[in-house]
2 protein chains.
Amino acid sequence: MKFSASEENYIKSIYNLQGKTEKVNTNSLAGYLNMRAASVTDMLKRLKTKKLLEYKKYYGFRLNDSGNKEALRIIRRHRLWEFFLVNRLGMEWDKVHVIAEELEHVSSGDLIKRLDNFLGQPKIDPHGDPIPDANGKMPELNQVSLKNLPIKKNGIVSSVSSQTQQMMEMLNHYGITIGSQIKVLKAFDFDGSLQIKISKQPACIISEQAAQNIFVYDDQ
Amino acid sequence: MKFSASEENYIKSIYNLQGKTEKVNTNSLAGYLNMRAASVTDMLKRLKTKKLLEYKKYYGFRLNDSGNKEALRIIRRHRLWEFFLVNRLGMEWDKVHVIAEELEHVSSGDLIKRLDNFLGQPKIDPHGDPIPDANGKMPELNQVSLKNLPIKKNGIVSSVSSQTQQMMEMLNHYGITIGSQIKVLKAFDFDGSLQIKISKQPACIISEQAAQNIFVYDDQ
DNA sequence: TTAAATTTTTAGATTTGCCTAAAATAATTT
DNA sequence: AAATTATTTTAGGCAAATCTAAAAATTTAA
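Quantities reported herein were computed from a predicted structural model and do not represent experimental measurements. (Residues numbered from 1 in each chain as written. Chains lettered and ligands numbered in written order. Predicted model: local features only at pLDDT ≥ 70, side-chain atom pairs only at ≥ 80, totals over all residues.)

Topic: the pairing of strand S4 (residues 154-160) of chain B
Residues and elements named next belong to chain B.
Logical step 1: Most of S4 sits inside the fold, with five of its seven residues counted as buried.
Logical step 2: In the sheet, S4 pairs with strand S5 (residues 181-187) via three bridges, with the strands oriented antiparallel. The residue bridging glycine 155 from the neighbouring strand is isoleucine 182, located in S5.
Logical step 3: Relative to strand S8 (residues 214-218), S4 runs antiparallel, the two sharing five bridges. Along S8, the bridge assignment pairs valine 157 with valine 216. (Buried ≥ 20, exposed ≤ 12 C-beta atoms within 10 Å, placed from the backbone. Helix = DSSP H or I, 4+ residues; strand = E, 2+ residues; numbered from the N terminus. Pairing = 2+ DSSP bridges.)

With respect to the packing of helix H4 (residues 65-87) of chain B against helix H6 (residues 109-118) of chain B
Residues and elements named next belong to chain B.
Logical step 1: H6 packs onto H4 with a crossing angle of 45° between their chain directions and a minimal axis gap of 10 Å. Accordingly, the angle class assigned to the pair H4 and H6 is oblique. The element H4 and its partner H6 pack so that their crossing is left-handed. Two secondary-structure elements touch here, H4 through Arg77, Leu80 and Phe84 and H6 through Ile112, Leu115 and Asp116.
Logical step 2: Taken together, the residues that form the contact of H4 with H6 break down as four nonpolar, no polar and two charged. (Axes fitted to C-alpha atoms, helices over the stretch in contact; angles between N-to-C directions. Parallel < 35°, antiparallel > 145°, perpendicular 65-115°, else oblique. Left-handed = near helix turned anticlockwise from the far one by under 90°. Contact = placed C-beta atoms within 7 Å. Nonpolar A, V, L, I, M, F, W, Y, C, P; charged D, E, K, R; others polar.)

Remarks on the interface of chain B and chain A
Logical step 1: Contacts between the two partners involve 13 residues from chain B and, on the opposite side, 13 residues from chain A.
Logical step 2: Looking at the side of chain B that touches chain A element by element, the count peaks at four residues for H6(B).
Logical step 3: Residues belonging to the side of chain B that touches chain A are distributed by class as follows: eight nonpolar, two polar and three charged.

Focus on the sheet that holds strand S7 (residues 204-206) of chain A
Residues and elements named next belong to chain A.
Logical step 1: Taken in spatial order, the six strands line up as S3-S8-S4-S5-S6-S7 in an open sheet, and their pairing is antiparallel. The open sheet has two edge strands with one neighbour each: strand S3 (143-145) and S7. Neighbour-to-neighbour, the strand axes of this sheet turn through a mean angle of 50°, independent of strand direction.
Logical step 2: In this structure, strand S6 (residues 194-198) lies alongside S7, joined through three bridges in antiparallel fashion. If you follow isoleucine 196 over to S7, its bridge partner there is cysteine 204.

Next up, the structure:
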(Lines give C-alpha, C1' and ligand atoms only; values in the text may rest on other atoms or scores of the structure.)
Protein backbone atom coordinates (compact mmCIF):
# COMPACT_ATOMS: atom_id res chain seq x y z
CA MET A 1 0.00 0.00 0.00
CA LYS A 2 1.16 3.54 -0.72
CA PHE A 3 0.93 6.42 1.71
CA SER A 4 1.02 10.19 1.38
CA ALA A 5 3.97 12.16 2.72
CA SER A 6 1.71 13.40 5.48
CA GLU A 7 0.57 9.93 6.47
CA GLU A 8 4.18 8.78 6.46
CA ASN A 9 5.16 11.61 8.78
CA TYR A 10 2.50 10.60 11.25
CA ILE A 11 3.48 6.95 11.08
CA LYS A 12 7.12 7.74 11.66
CA SER A 13 6.31 10.10 14.52
CA ILE A 14 4.08 7.63 16.30
CA TYR A 15 6.85 5.07 15.96
CA ASN A 16 9.31 7.49 17.51
CA LEU A 17 7.00 8.30 20.41
CA GLN A 18 5.76 4.85 21.30
CA GLY A 19 8.13 2.87 23.48
CA LYS A 20 8.08 -0.89 23.79
CA THR A 21 4.57 -0.97 25.23
CA GLU A 22 3.23 2.49 26.01
CA LYS A 23 0.35 4.11 24.26
CA VAL A 24 0.82 7.46 22.60
CA ASN A 25 -1.62 10.26 23.30
CA THR A 26 -3.06 12.83 20.99
CA ASN A 27 -1.52 15.88 22.57
CA SER A 28 2.02 14.55 22.65
CA LEU A 29 1.85 13.60 18.99
CA ALA A 30 0.37 17.00 18.18
CA GLY A 31 3.22 18.66 20.07
CA TYR A 32 5.82 16.49 18.36
CA LEU A 33 4.48 17.32 14.92
CA ASN A 34 3.72 20.96 15.69
CA MET A 35 0.08 20.48 14.91
CA ARG A 36 -3.23 20.79 16.64
CA ALA A 37 -4.85 17.92 18.47
CA ALA A 38 -7.86 18.05 16.18
CA SER A 39 -5.68 17.45 13.13
CA VAL A 40 -4.09 14.50 14.84
CA THR A 41 -7.49 12.99 15.61
CA ASP A 42 -8.39 13.32 11.91
CA MET A 43 -5.30 11.47 10.84
CA LEU A 44 -5.71 8.78 13.50
CA LYS A 45 -9.05 7.91 11.98
CA ARG A 46 -7.49 7.68 8.54
CA LEU A 47 -4.64 5.50 9.75
CA LYS A 48 -7.06 3.29 11.60
CA THR A 49 -9.13 2.82 8.44
CA LYS A 50 -5.91 1.81 6.71
CA LYS A 51 -5.32 -0.73 9.47
CA LEU A 52 -2.01 0.62 10.71
CA LEU A 53 -3.17 1.57 14.16
CA GLU A 54 -4.65 0.25 17.36
CA TYR A 55 -6.77 3.12 18.51
CA LYS A 56 -9.52 3.41 21.07
CA LYS A 57 -11.12 6.81 21.32
CA TYR A 58 -9.92 8.85 24.30
CA TYR A 59 -7.50 6.11 25.36
CA GLY A 60 -4.45 6.57 23.14
CA PHE A 61 -3.03 4.57 20.26
CA ARG A 62 -0.11 2.48 19.00
CA LEU A 63 1.00 1.22 15.63
CA ASN A 64 0.06 -2.39 14.98
CA ASP A 65 2.36 -4.82 13.16
CA SER A 66 1.83 -3.39 9.71
CA GLY A 67 2.14 0.12 11.08
CA ASN A 68 5.47 -0.73 12.64
CA LYS A 69 6.68 -2.38 9.46
CA GLU A 70 5.76 0.71 7.47
CA ALA A 71 7.47 2.97 10.01
CA LEU A 72 10.67 0.98 9.71
CA ARG A 73 10.57 1.26 5.92
CA ILE A 74 10.30 5.03 6.20
CA ILE A 75 13.05 5.25 8.82
CA ARG A 76 15.27 3.07 6.65
CA ARG A 77 14.84 5.44 3.73
CA HIS A 78 15.46 8.47 5.91
CA ARG A 79 18.67 7.13 7.39
CA LEU A 80 20.06 5.84 4.12
CA TRP A 81 19.56 9.27 2.58
CA GLU A 82 21.22 10.91 5.59
CA PHE A 83 24.16 8.61 5.13
CA PHE A 84 24.32 9.55 1.47
CA LEU A 85 24.15 13.27 2.18
CA VAL A 86 26.96 13.14 4.73
CA ASN A 87 29.24 10.48 3.31
CA ARG A 88 28.85 11.10 -0.39
CA LEU A 89 27.86 14.73 -0.73
CA GLY A 90 29.89 15.86 2.27
CA MET A 91 27.13 17.70 4.08
CA GLU A 92 27.34 18.40 7.80
CA TRP A 93 25.61 15.74 9.86
CA ASP A 94 23.57 18.36 11.68
CA LYS A 95 22.17 19.81 8.45
CA VAL A 96 20.92 16.73 6.65
CA HIS A 97 17.80 15.94 8.64
CA VAL A 98 15.51 18.43 6.89
CA ILE A 99 16.54 17.28 3.42
CA ALA A 100 16.23 13.61 4.35
CA GLU A 101 12.69 14.37 5.54
CA GLU A 102 11.86 15.18 1.94
CA LEU A 103 13.85 12.43 0.27
CA GLU A 104 12.41 9.74 2.52
CA HIS A 105 9.02 10.07 0.82
CA VAL A 106 10.28 9.20 -2.65
CA SER A 107 8.65 5.88 -3.18
CA SER A 108 10.61 3.33 -5.13
CA GLY A 109 11.70 0.05 -3.67
CA ASP A 110 14.27 -0.41 -6.39
CA LEU A 111 15.76 3.01 -5.68
CA ILE A 112 16.31 2.21 -2.02
CA LYS A 113 17.74 -1.22 -2.74
CA ARG A 114 20.26 0.31 -5.12
CA LEU A 115 21.05 3.22 -2.84
CA ASP A 116 21.73 0.77 -0.02
CA ASN A 117 24.14 -1.18 -2.22
CA PHE A 118 25.77 1.96 -3.52
CA LEU A 119 26.42 3.09 0.05
CA GLY A 120 27.83 -0.29 1.07
CA GLN A 121 24.85 -1.39 3.15
CA PRO A 122 25.62 0.88 6.08
CA LYS A 123 24.34 -0.14 9.52
CA ILE A 124 24.47 3.22 11.30
CA ASP A 125 23.49 6.67 10.09
CA PRO A 126 25.50 9.85 10.63
CA HIS A 127 23.62 10.57 13.86
CA GLY A 128 24.63 7.18 15.16
CA ASP A 129 21.18 5.66 14.79
CA PRO A 130 20.91 2.13 13.45
CA ILE A 131 19.51 1.70 9.94
CA PRO A 132 16.77 -0.94 9.71
CA ASP A 133 17.59 -3.58 7.13
CA ALA A 134 15.43 -4.39 4.10
CA ASN A 135 13.27 -6.65 6.28
CA GLY A 136 12.74 -3.97 8.88
CA LYS A 137 15.11 -5.50 11.40
CA MET A 138 16.77 -2.85 13.53
CA PRO A 139 20.28 -3.75 14.75
CA GLU A 140 20.15 -3.72 18.60
CA LEU A 141 23.04 -1.67 19.96
CA ASN A 142 23.57 -1.15 23.65
CA GLN A 143 23.30 2.53 23.86
CA VAL A 144 23.12 4.41 27.14
CA SER A 145 22.59 8.03 27.93
CA LEU A 146 25.85 9.70 28.92
CA LYS A 147 24.20 10.33 32.26
CA ASN A 148 24.12 6.58 32.87
CA LEU A 149 27.56 5.73 31.56
CA PRO A 150 29.56 4.33 34.49
CA ILE A 151 32.35 6.62 35.73
CA LYS A 152 35.68 6.22 33.90
CA LYS A 153 34.21 3.89 31.32
CA ASN A 154 34.82 4.76 27.67
CA GLY A 155 31.89 5.48 25.43
CA ILE A 156 31.51 6.45 21.79
CA VAL A 157 29.04 9.20 21.10
CA SER A 158 26.36 7.54 19.07
CA SER A 159 23.45 9.93 18.89
CA VAL A 160 21.71 12.90 20.42
CA SER A 161 18.03 12.87 21.15
CA SER A 162 17.35 16.50 20.39
CA GLN A 163 18.40 17.85 17.05
CA THR A 164 17.53 21.46 17.66
CA GLN A 165 19.77 24.30 16.57
CA GLN A 166 20.50 25.00 20.24
CA MET A 167 21.69 21.47 20.89
CA MET A 168 23.89 21.54 17.79
CA GLU A 169 25.39 24.83 18.89
CA MET A 170 26.31 23.37 22.24
CA LEU A 171 27.78 20.20 20.76
CA ASN A 172 29.91 22.30 18.43
CA HIS A 173 31.09 24.36 21.38
CA TYR A 174 32.23 21.26 23.25
CA GLY A 175 33.67 19.70 20.09
CA ILE A 176 31.40 16.69 20.42
CA THR A 177 30.54 14.80 17.25
CA ILE A 178 29.13 11.38 16.52
CA GLY A 179 31.99 8.96 17.01
CA SER A 180 33.80 11.07 19.64
CA GLN A 181 35.44 9.08 22.43
CA ILE A 182 34.03 10.23 25.72
CA LYS A 183 34.48 9.39 29.40
CA VAL A 184 32.82 10.59 32.59
CA LEU A 185 35.43 11.59 35.16
CA LYS A 186 33.18 12.70 37.99
CA ALA A 187 29.49 13.23 38.72
CA PHE A 188 28.34 16.07 40.97
CA ASP A 189 25.36 14.88 42.94
CA PHE A 190 24.40 18.42 43.83
CA ASP A 191 23.10 19.36 40.36
CA GLY A 192 23.71 16.20 38.35
CA SER A 193 26.40 17.87 36.26
CA LEU A 194 29.27 15.75 34.97
CA GLN A 195 32.95 16.32 34.47
CA ILE A 196 33.82 14.65 31.17
CA LYS A 197 36.74 14.14 28.86
CA ILE A 198 36.24 14.17 25.12
CA SER A 199 38.94 12.42 23.11
CA LYS A 200 42.16 14.28 23.86
CA GLN A 201 40.62 17.59 24.86
CA PRO A 202 40.96 18.91 28.41
CA ALA A 203 38.22 17.89 30.83
CA CYS A 204 35.11 20.02 31.00
CA ILE A 205 31.73 20.17 32.71
CA ILE A 206 28.32 19.59 31.19
CA SER A 207 24.87 19.83 32.71
CA GLU A 208 22.65 16.91 33.60
CA GLN A 209 20.18 18.02 30.94
CA ALA A 210 22.82 17.88 28.22
CA ALA A 211 24.14 14.51 29.45
CA GLN A 212 20.64 13.12 29.33
CA ASN A 213 20.36 13.95 25.65
CA ILE A 214 23.69 12.56 24.54
CA PHE A 215 23.87 8.84 23.92
CA VAL A 216 26.93 6.66 23.75
CA TYR A 217 27.69 3.08 22.90
CA ASP A 218 29.01 1.31 25.91
CA ASP A 219 32.51 0.61 24.63
CA GLN A 220 33.32 -2.69 26.25
CA MET B 1 10.02 31.90 -4.15
CA LYS B 2 9.01 28.33 -3.40
CA PHE B 3 6.53 26.33 -5.45
CA SER B 4 4.47 23.23 -4.79
CA ALA B 5 5.27 20.01 -6.63
CA SER B 6 2.13 20.54 -8.63
CA GLU B 7 3.05 24.07 -9.65
CA GLU B 8 6.51 22.85 -10.59
CA ASN B 9 5.02 20.18 -12.82
CA TYR B 10 2.96 22.73 -14.67
CA ILE B 11 5.91 25.08 -15.07
CA LYS B 12 8.11 22.33 -16.45
CA SER B 13 5.39 21.11 -18.81
CA ILE B 14 4.70 24.55 -20.22
CA TYR B 15 8.41 24.95 -20.79
CA ASN B 16 8.51 21.65 -22.65
CA LEU B 17 5.54 22.57 -24.82
CA GLN B 18 6.39 26.14 -25.70
CA GLY B 19 8.83 26.49 -28.54
CA LYS B 20 10.91 29.57 -29.15
CA THR B 21 7.92 31.79 -29.74
CA GLU B 22 4.67 29.85 -29.87
CA LYS B 23 1.91 30.11 -27.32
CA VAL B 24 0.72 27.01 -25.54
CA ASN B 25 -2.99 26.25 -25.37
CA THR B 26 -5.02 24.87 -22.54
CA ASN B 27 -6.01 21.61 -24.16
CA SER B 28 -2.53 20.59 -25.22
CA LEU B 29 -1.20 21.22 -21.73
CA ALA B 30 -4.12 19.30 -20.28
CA GLY B 31 -3.35 16.41 -22.64
CA TYR B 32 0.35 16.51 -21.81
CA LEU B 33 -0.33 16.40 -18.07
CA ASN B 34 -3.22 13.97 -18.29
CA MET B 35 -5.56 16.43 -16.70
CA ARG B 36 -8.75 18.22 -17.56
CA ALA B 37 -8.76 21.63 -19.19
CA ALA B 38 -10.61 23.14 -16.24
CA SER B 39 -7.81 22.13 -13.88
CA VAL B 40 -5.29 23.72 -16.19
CA THR B 41 -7.21 26.98 -16.27
CA ASP B 42 -7.22 27.02 -12.48
CA MET B 43 -3.47 26.58 -12.33
CA LEU B 44 -2.85 29.18 -15.05
CA LYS B 45 -4.55 31.74 -12.87
CA ARG B 46 -2.38 30.77 -9.93
CA LEU B 47 0.82 30.93 -11.99
CA LYS B 48 -0.21 34.27 -13.40
CA THR B 49 -0.76 35.64 -9.90
CA LYS B 50 2.73 34.45 -9.08
CA LYS B 51 4.02 36.34 -12.12
CA LEU B 52 5.46 33.39 -13.98
CA LEU B 53 3.15 33.52 -16.95
CA GLU B 54 1.99 35.69 -19.81
CA TYR B 55 -1.59 34.69 -20.15
CA LYS B 56 -4.53 36.26 -21.93
CA LYS B 57 -7.81 34.46 -21.47
CA TYR B 58 -8.80 32.33 -24.47
CA TYR B 59 -5.59 33.22 -26.33
CA GLY B 60 -2.94 30.89 -24.91
CA PHE B 61 0.03 31.46 -22.63
CA ARG B 62 3.81 31.35 -22.28
CA LEU B 63 6.24 31.46 -19.40
CA ASN B 64 7.78 34.89 -18.89
CA ASP B 65 11.42 35.35 -17.88
CA SER B 66 11.03 34.28 -14.29
CA GLY B 67 8.87 31.36 -15.39
CA ASN B 68 11.58 30.19 -17.77
CA LYS B 69 14.23 30.59 -15.10
CA GLU B 70 12.21 28.51 -12.68
CA ALA B 71 11.59 25.85 -15.35
CA LEU B 72 15.30 25.55 -15.99
CA ARG B 73 15.99 25.12 -12.28
CA ILE B 74 13.51 22.26 -12.16
CA ILE B 75 14.86 20.66 -15.33
CA ARG B 76 18.37 20.93 -13.94
CA ARG B 77 17.36 19.06 -10.83
CA HIS B 78 15.52 16.43 -12.84
CA ARG B 79 18.43 15.73 -15.15
CA LEU B 80 21.05 15.69 -12.43
CA TRP B 81 19.02 13.11 -10.55
CA GLU B 82 18.59 11.04 -13.72
CA PHE B 83 22.33 11.12 -14.18
CA PHE B 84 22.80 9.98 -10.60
CA LEU B 85 20.30 7.15 -10.95
CA VAL B 86 21.91 5.79 -14.11
CA ASN B 87 25.59 6.48 -13.52
CA ARG B 88 25.82 5.92 -9.79
CA LEU B 89 23.00 3.57 -8.93
CA GLY B 90 23.17 1.67 -12.23
CA MET B 91 19.52 1.97 -13.14
CA GLU B 92 18.34 1.59 -16.75
CA TRP B 93 18.06 4.92 -18.53
CA ASP B 94 14.51 4.14 -19.58
CA LYS B 95 13.38 3.56 -15.98
CA VAL B 96 14.67 6.64 -14.19
CA HIS B 97 12.24 9.27 -15.41
CA VAL B 98 9.47 8.49 -12.96
CA ILE B 99 11.78 8.52 -9.95
CA ALA B 100 13.47 11.73 -11.07
CA GLU B 101 10.00 13.30 -11.30
CA GLU B 102 9.77 12.85 -7.55
CA LEU B 103 13.33 13.75 -6.66
CA GLU B 104 13.26 16.97 -8.69
CA HIS B 105 10.87 18.55 -6.21
CA VAL B 106 13.19 18.21 -3.24
CA SER B 107 14.02 21.80 -2.58
CA SER B 108 17.51 22.51 -1.38
CA GLY B 109 19.92 24.62 -3.35
CA ASP B 110 22.84 23.28 -1.37
CA LEU B 111 21.80 19.70 -2.14
CA ILE B 112 21.81 20.32 -5.89
CA LYS B 113 25.10 22.19 -5.81
CA ARG B 114 26.72 19.28 -4.00
CA LEU B 115 25.06 16.65 -6.16
CA ASP B 116 26.34 18.44 -9.25
CA ASN B 117 29.87 18.41 -7.87
CA PHE B 118 29.61 14.82 -6.76
CA LEU B 119 28.57 13.81 -10.28
CA GLY B 120 31.40 15.78 -11.87
CA GLN B 121 29.24 18.59 -13.26
CA PRO B 122 27.78 16.54 -16.10
CA LYS B 123 26.56 18.39 -19.20
CA ILE B 124 24.26 15.75 -20.68
CA ASP B 125 21.75 13.48 -18.98
CA PRO B 126 21.29 9.76 -19.73
CA HIS B 127 18.63 10.54 -22.32
CA GLY B 128 21.10 12.78 -24.13
CA ASP B 129 19.43 16.00 -23.05
CA PRO B 130 21.61 18.90 -21.97
CA ILE B 131 21.64 19.79 -18.28
CA PRO B 132 21.14 23.52 -17.61
CA ASP B 133 23.96 24.96 -15.50
CA ALA B 134 23.51 26.65 -12.14
CA ASN B 135 22.63 29.92 -13.92
CA GLY B 136 20.01 28.28 -16.07
CA LYS B 137 22.14 28.31 -19.21
CA MET B 138 21.36 25.35 -21.45
CA PRO B 139 24.32 24.12 -23.52
CA GLU B 140 23.30 24.50 -27.18
CA LEU B 141 24.00 21.26 -29.02
CA ASN B 142 23.26 20.87 -32.68
CA GLN B 143 20.82 18.11 -32.54
CA VAL B 144 18.79 16.98 -35.54
CA SER B 145 16.06 14.46 -35.94
CA LEU B 146 17.37 11.27 -37.54
CA LYS B 147 14.95 12.06 -40.34
CA ASN B 148 16.95 15.16 -41.18
CA LEU B 149 20.43 13.72 -40.79
CA PRO B 150 22.14 13.94 -44.19
CA ILE B 151 22.68 10.57 -45.91
CA LYS B 152 25.91 8.77 -44.98
CA LYS B 153 26.72 11.30 -42.27
CA ASN B 154 27.53 9.89 -38.86
CA GLY B 155 25.35 10.83 -35.92
CA ILE B 156 25.32 9.92 -32.25
CA VAL B 157 21.95 9.10 -30.80
CA SER B 158 21.33 11.83 -28.30
CA SER B 159 17.71 11.57 -27.28
CA VAL B 160 14.27 10.33 -28.13
CA SER B 161 11.27 12.57 -27.94
CA SER B 162 8.78 9.99 -26.80
CA GLN B 163 9.57 7.98 -23.69
CA THR B 164 6.62 5.63 -23.87
CA GLN B 165 6.92 1.93 -23.17
CA GLN B 166 6.24 1.29 -26.85
CA MET B 167 9.09 3.48 -28.00
CA MET B 168 11.46 1.83 -25.53
CA GLU B 169 10.44 -1.58 -26.76
CA MET B 170 11.23 -0.63 -30.32
CA LEU B 171 14.58 0.93 -29.43
CA ASN B 172 15.52 -2.21 -27.56
CA HIS B 173 14.54 -4.28 -30.57
CA TYR B 174 16.84 -2.29 -32.85
CA GLY B 175 19.58 -2.16 -30.24
CA ILE B 176 19.52 1.63 -30.22
CA THR B 177 20.70 3.36 -27.05
CA ILE B 178 21.79 6.88 -26.25
CA GLY B 179 25.31 7.18 -27.57
CA SER B 180 24.86 4.66 -30.40
CA GLN B 181 26.67 5.54 -33.63
CA ILE B 182 24.14 5.77 -36.39
CA LYS B 183 24.15 6.54 -40.14
CA VAL B 184 21.40 6.82 -42.74
CA LEU B 185 22.26 4.73 -45.83
CA LYS B 186 19.19 5.41 -47.93
CA ALA B 187 15.85 7.21 -47.71
CA PHE B 188 12.77 5.81 -49.42
CA ASP B 189 10.72 8.72 -50.66
CA PHE B 190 7.68 6.51 -51.09
CA ASP B 191 6.92 6.21 -47.36
CA GLY B 192 9.73 8.18 -45.77
CA SER B 193 11.28 5.06 -44.28
CA LEU B 194 15.05 4.96 -43.83
CA GLN B 195 17.69 2.29 -44.21
CA ILE B 196 20.09 2.84 -41.34
CA LYS B 197 23.18 1.31 -39.84
CA ILE B 198 23.66 1.24 -36.09
CA SER B 199 27.25 0.89 -34.92
CA LYS B 200 28.48 -2.44 -36.28
CA GLN B 201 25.10 -4.10 -36.67
CA PRO B 202 23.78 -5.06 -40.10
CA ALA B 203 21.69 -2.40 -41.87
CA CYS B 204 17.96 -2.27 -41.15
CA ILE B 205 14.87 -0.23 -41.99
CA ILE B 206 12.93 2.07 -39.70
CA SER B 207 9.77 4.05 -40.33
CA GLU B 208 9.58 7.79 -40.84
CA GLN B 209 7.63 8.08 -37.62
CA ALA B 210 10.37 6.40 -35.64
CA ALA B 211 13.09 8.45 -37.35
CA GLN B 212 11.25 11.61 -36.48
CA ASN B 213 11.39 10.78 -32.81
CA ILE B 214 15.04 9.83 -32.61
CA PHE B 215 17.51 12.68 -32.29
CA VAL B 216 21.20 12.62 -33.02
CA TYR B 217 24.11 14.98 -32.62
CA ASP B 218 25.48 15.90 -35.96
CA ASP B 219 28.91 14.28 -35.58
CA GLN B 220 31.10 16.63 -37.60
C1' DT C 1 -22.36 35.70 -42.21
C1' DT C 2 -24.68 32.88 -39.60
C1' DA C 3 -24.74 28.20 -37.71
C1' DA C 4 -22.15 24.49 -35.91
C1' DA C 5 -18.18 22.81 -33.75
C1' DT C 6 -14.37 23.41 -30.82
C1' DT C 7 -11.95 25.38 -27.14
C1' DT C 8 -11.75 27.64 -22.90
C1' DT C 9 -13.57 29.26 -18.80
C1' DT C 10 -16.74 29.34 -14.90
C1' DA C 11 -19.42 27.24 -11.32
C1' DG C 12 -19.81 24.02 -8.10
C1' DA C 13 -18.28 19.49 -5.94
C1' DT C 14 -14.71 16.42 -3.77
C1' DT C 15 -10.55 14.92 -1.11
C1' DT C 16 -6.61 15.79 1.72
C1' DG C 17 -4.81 17.98 5.38
C1' DC C 18 -4.88 21.48 8.12
C1' DC C 19 -7.33 25.01 11.36
C1' DT C 20 -10.59 27.14 15.46
C1' DA C 21 -14.18 26.79 18.64
C1' DA C 22 -17.29 24.13 21.08
C1' DA C 23 -18.78 19.77 23.02
C1' DA C 24 -17.77 15.39 25.11
C1' DT C 25 -15.09 12.56 27.93
C1' DA C 26 -11.67 11.44 31.36
C1' DA C 27 -8.70 12.65 35.21
C1' DT C 28 -7.82 15.24 39.29
C1' DT C 29 -8.90 17.86 43.31
C1' DT C 30 -11.48 19.30 47.03
C1' DA D 1 -18.83 12.29 44.90
C1' DA D 2 -19.06 16.69 42.93
C1' DA D 3 -16.70 20.21 40.88
C1' DT D 4 -12.91 21.67 38.40
C1' DT D 5 -9.33 20.92 35.08
C1' DA D 6 -7.28 18.70 31.28
C1' DT D 7 -7.61 16.02 27.21
C1' DT D 8 -9.78 14.47 23.19
C1' DT D 9 -13.15 14.54 19.84
C1' DT D 10 -16.67 16.65 16.92
C1' DA D 11 -18.37 20.22 13.99
C1' DG D 12 -17.60 23.30 10.70
C1' DG D 13 -14.38 26.04 7.79
C1' DC D 14 -10.50 26.86 4.53
C1' DA D 15 -6.91 26.22 0.78
C1' DA D 16 -4.82 23.34 -2.74
C1' DA D 17 -5.56 20.53 -6.46
C1' DT D 18 -8.32 17.94 -8.76
C1' DC D 19 -12.97 16.74 -11.10
C1' DT D 20 -17.77 17.19 -14.01
C1' DA D 21 -21.13 19.83 -16.22
C1' DA D 22 -22.63 23.98 -18.07
C1' DA D 23 -21.75 28.51 -20.00
C1' DA D 24 -19.02 31.64 -22.75
C1' DA D 25 -15.86 32.76 -26.33
C1' DT D 26 -13.54 31.65 -30.44
C1' DT D 27 -12.91 29.25 -34.72
C1' DT D 28 -14.51 26.78 -38.67
C1' DA D 29 -17.68 25.65 -42.08
C1' DA D 30 -21.87 25.85 -44.71
